[in-house]
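Fold and geometry: a report
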Amino acid sequence: MTYQFPDEKGYFGEFGGKFLPETLIPALEELEEKYEQIKNDGDFQREFIYYLREYAGRPTILYYAHRLTEAVGGAKIYLKREDLLHTGAHKINNTLGQVLLTKKLGKKRIIAETGAGQHGVSTATAAALFGLECVVYMGEVDAERQALNVFRMKLLGAKVEIVKSGNRLLKDAVNEALRDWVTNVRTTHYVIGSALGPHPFPKIVRDFQSVIGKETKEQIIEIEGKLPNAVVACVGGGSNAIGMFYPFINDENVQLIGVEAAGYGLETGQHAASINGGSVGVLHGMKSYFIQNQWGQIEDTHSISAGLDYPGVGPEHAYLKDSGRAEYVTATDEEALEGFLLLSLTEGIIPALESSHAVIKGVEKAKQLNKDDVVVINLSGRGDKDVNQVKAFFDTNPDIYKKLLEKLKSEYRI
Amino acid sequence: MADISASFQNKKPLICYFMAGYPSIEDSLKTAFSLIEVGADILEVGLPFSDPVADGPTIQVAHEKAVKDGITPLDVFNITSKIKEKHPEIPLILMTYYNPIFKFGEKDFCEKAKENGIDGFIVPDLPPEEASNFKKLANETGISTIFLLAPTSNEERIKLVSDFSDDFIYYVSLTGITGERDKLPWEEIKSQVSRIKSITDKKVAVGFGVSKKEHTQILSEFADGIIVGSAVVKLQGSRDFNGIKSLVKQLKEGIG
């Protein structure tokens, strides 16, 4: 049977839907209707493909990581190099698509939320490219941690609104972006940064990101003459993961592995693993898994990687988990740092901390397989943005740095 | 269900929102009793939620503080049962976001609400298309459901919301979030309310931004009821119960 989600009500099984105030429902209906037309419009597709290729730098390489493969001593490891895209991460696939969509909707203003600033920078970039007014909401805590990205967005002509409500993190930035949207819905399109929110956003973002999996599929067949045994991607909201997974959903022999951020460890309660450590709830327009208490109050999250530091997950992942089609594992902060060091040392590629979660669990999967098998890791972003933070972490935790370097020597052939 | 509709018989009710458990359980009870003392016709009881996306700064602060203080739905039900005991004639409408209800269990939530004096529900992030089951359970327990319409709602949605709303429809005066405003888009409100009334015979109460006597004066010309929220909650936060009383008196005067 072929996979056909979301259904006409915007559901992936029991997940998804449209849980937002009435003021926004007509805008969602309009978006849904126009998106269905625009999606199949040849002009839109040609323009989208043009900018992905000429501006963002697609297709990205599927790189055989031979030294990492040797160091691990299991299946062949390939990296899908989304980190080589303009602005340094997969986010640009979505923002270019949504900004082109905004033009077709006849709207002149876009808003976005951002955590670490990656989606904000990517949205500001696309807005500059097409001359749209752009406002980015960012929690005060994140803006302090990522002051350089705030400046980057300003350089690109965007206005950055610092959010001081709630815990002043990504979740609160989403709340504030929704409040802006409810106020300015007639003139404004909300460029949601991940495959989440009310229908039709999870579908739109998935469609724009699925170029990742499509290319991977063609490339691996060309190189290896077969499909991979497993594809591995990190999951915060889940846009890079769904972009990688979606084109493989009907290929049942390809294992789909999502990696959530376990922070200090699931058992500590300080993590951002909604599927593994949360329960079903409703927030930000969707029914999905959330980190919440017994009364339905959304709780604080923690991850070393700001891009995964969100208390929910896109509804399609919730469905893929419950249906058993995909498997969701977790990596702690320390495991992510191990992946960060391992890839830097063996391949000369510094991965984003988000992607480092996928690296370490992809490596773990490769270890369990044979040398003729193939694992693809989605390298969703580059690590330049994280170098300062990692340095500061190792400066204050030299014991962890030492322990990880020793572990790399003893457990891998480096 | 009857008593909410009764409040619309031969008069235009003033519906007053306050936050349960804010700034303390005692203070929120005092707020409720102050509102009733000076003539609030219906109380809208806020149940705190961590992420109130439809609310402006004043009510956000109330949600945040009450959540931080650990106010649970059970505390809120305790508060409503005390109000109902003293004032059985005043309809109580619970207003919250969907997640606390979903997490509690829709059926259990409706039953507990009924036991504790709740007559109606308003859930701003639960549009009719997601509400079939909840409405059925609420109505079976004997609780009304009230849905919202907005300046952006088209004819199709007006019909849908009207079908789902018992007693009355909550018309959101502007595209935006809750909070006091100096001026409201009067012409738009008037034309959208009369459009709604030409499509349905349900009563229409107008809320969002209402905070002054001149507002209630204008609105009472064409609305069936008027809702005030942030203006009350601001005074509630500073425990200004006399301020609450004089505010409600003025708003009532505006209605005439």
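Each value, and the rule that gives it
Residues numbered from 1 in each chain as written. Chains lettered and ligands numbered in written order. Predicted model: local features only at pLDDT ≥ 70, side-chain atom pairs only at ≥ 80, totals over all residues. Heavy atoms only, no water. Helix = DSSP H or I, 4+ residues; strand = E, 2+ residues; numbered from the N terminus. Rg over C-alpha atoms; globule rule 2.2 N^0.38 Å. Buried < 20%, exposed > 50% of the residue type's maximum accessible area, 1.4 Å probe, protein only. Contact = heavy atoms within 4.5 Å. Areas by Shrake-Rupley, 256 points an atom, 1.4 Å probe, with all protein chains shown as cover. Buried area = accessible area lost by both parts, 1.4 Å probe. Salt bridge = Lys/Arg side-chain N within 4 Å of Asp/Glu carboxyl O. Phe/Tyr/Trp six-rings, centres within 6.5 Å; stacked < 30°, edge-to-face > 60°. Lys NZ or Arg CZ within 6 Å of the ring centre and 35° of its normal. Pairing = 2+ DSSP bridges. Axes fitted to C-alpha atoms, helices over the stretch in contact; angles between N-to-C directions. pLDDT = per-residue confidence, 0-100. Expected span 1.5 Å × (residues − 1). Core = buried A, V, L, I, M, F, W, Y, C linked by side-chain atoms within 4.5 Å. Right-handed = clockwise from strand over helix to strand, strands pointing away.

**What about the overall build of chain A?**
Per the secondary structure count, chain A includes 17 helices and 14 strands. Against the 2.2 N^0.38 benchmark of 22 Å for 414 residues, chain A shows a C-alpha radius of gyration of 20 Å, consistent with a compact globule. With the C-alpha coordinates aligned to their principal axes, the bounding extent of chain A is approximately 60 × 45 × 45 Å. Within the span of chain A, comprising 414 residues, buried residues form 64% of the whole. Of all intrachain contacts in chain A linking residues separated by at least 6 positions in sequence, the fraction that spans at least 24 positions is 73%. Split by element, the accessible area of chain A, about 15100 Å² in all, is 49% carbon and sulfur.

**Focus: the interface of chain A and chain B**
Listed per partner, the contact involves 35 residues of chain A and 39 residues of chain B. Across the interface of chain A and chain B, roughly 3100 Å² is buried in total on both sides, 53% from carbon and sulfur atoms. The largest share of the area that chain A buries against chain B comes from A:E22, A:R179 and A:W295, three residues that together contribute 24% of it. Scanning the region where chain A abuts chain B turns up four salt bridges. In this structure, A:K171 engages B:D51 in a salt bridge whose closest nitrogen and oxygen atoms are separated by 2.6 Å.

**Here we look at the packing of aromatic side chains**
Under the counting rule described, the total for this entry stands at 29 aromatic pairs over all chains. Judged by centre distance (6.1 Å) and plane angle (25°), the rings of A:F44 and A:F48 are stacked. Of the two residues, A:F44 and A:F48 are both situated in helix α2 (residues 42-56); the distance of four residues between them amounts to about one turn of the helix. Like A:F44, the residue A:F48 is buried in the burial classification. Here the aromatic rings of A:F44 and A:F208 are separated by 6.2 Å at their centres, their planes lie at 35°, and the arrangement is tilted. With A:F44 in helix α2 and A:F208 in helix α9 (residues 201-209), the pair connects residues that are 164 residues apart, well separated along the chain. For the residue pair A:F44 and A:F208, the accessibility class agrees, reading buried in each case. One aromatic cluster is present, built from ring pairs that chain together A:W295, B:F77, B:F104, B:F109, B:F121 and B:F134. The ring centre of A:Y64 lies 5.6 Å from the NZ or CZ of A:K76, which sits over that ring. Across from the ring centre of B:F33, 4.1 Å away, lies the NZ or CZ of B:K86, which sits over that ring.

**What to know about the sheet that holds strand β2 (residues 15-19) of chain A**
Residues and elements named next belong to chain A. The four strands are arranged β1-β2-β12-β11 in an open sheet whose pairing can be described as antiparallel. Edge positions in the open sheet fall to β1 (11-12) and β11 (279-283), since each of these has one partner strand only. With two bridges connecting them, β2 and strand β12 (residues 285-290) associate as antiparallel partners. The residue bridging G16 from the neighbouring strand is K287, located in β12. Lying over the sheet, helix α13 (residues 315-323) contacts β1, β2 and β12, oriented at roughly 45° with respect to β12.

**Observations concerning the sheet that holds strand β13 (residues 326-332) of chain A**
Residues and elements named next belong to chain A. What the six strands build is an open sheet, ordered β3-β4-β14-β9-β10-β13; its pairing is mixed. What marks the edges here is a single partner per strand, and that holds for β3 (62-64) and β13. The sheet shows a mean angle of 25° between the axes of neighbouring strands, taken without regard to direction. Pairing analysis gives six bridges linking strand β4 (residues 76-81) to strand β14 (residues 374-379), with the strands arranged parallel. Within the sheet, the bridge partner assigned to K76 lies in β14 and is V374. In this fold helix α10 (residues 211-224) packs onto β3, β4 and β14, with an angle of close to 140° to the strand it touches most, β4.

**Focus: the confidence of the model for chain B**
If pLDDT is low for a region, its predicted coordinates should not be looked at in detail. Mean pLDDT over chain B: 97, with 99% of residues reaching 70 or higher. The complex model carries a pTM of 0.97, and its ipTM stands at 0.96.

**Side note on α10(A)**
Residue and element names in this part refer to chain A. For α10, built from 14 residues, the straight-helix expectation of 20 Å at 1.5 Å per residue is met to within 8% by its first-to-last C-alpha distance of 20 Å. Three or more residues of α10 are buried, namely V211, I212, G213, E215, T216, Q219 and I220. In this structure, the buried side of α10 is in contact with β3, β4, α4 (91-105), α9, α11 (239-245) and β14. Looking at the residues trailing α10, positive phi occurs at G225, about 70°.

**Observations concerning the nonpolar core**
One broad trend across soluble globular proteins is that nonpolar side chains are buried collectively. Among the nonpolar cores identified, the biggest contains 91 residues, and B:L35, B:L43, B:I83, B:L94, B:F121, B:Y170 and B:I189 are the most heavily contacted of them. Counting 64 residues, the second-largest nonpolar core is a separate cluster that includes A:L100, A:I110, A:Y310 and B:I177.

**What to know about the pairing of strand β8 (residues 203-207) of chain B**
The side chains of a regular strand alternate between both faces of the sheet. Residue and element names in this part refer to chain B. A large share of β8 lies buried, amounting to four of its five residues. In terms of strand pairing, strand β7 (residues 168-172) meets β8 through five bridges, oriented parallel. Residue pairing across strands places Y171 opposite V206, the latter belonging to β8. When β8 meets strand β9 (residues 225-228), the two strands line up parallel, connected through two bridges. Directly across from A205, in β9, lies its bridge partner G225. Chirality of the crossover, the property in question, places the unit of β8, helix α10 (residues 213-219) and β9 among those that are right-handed.

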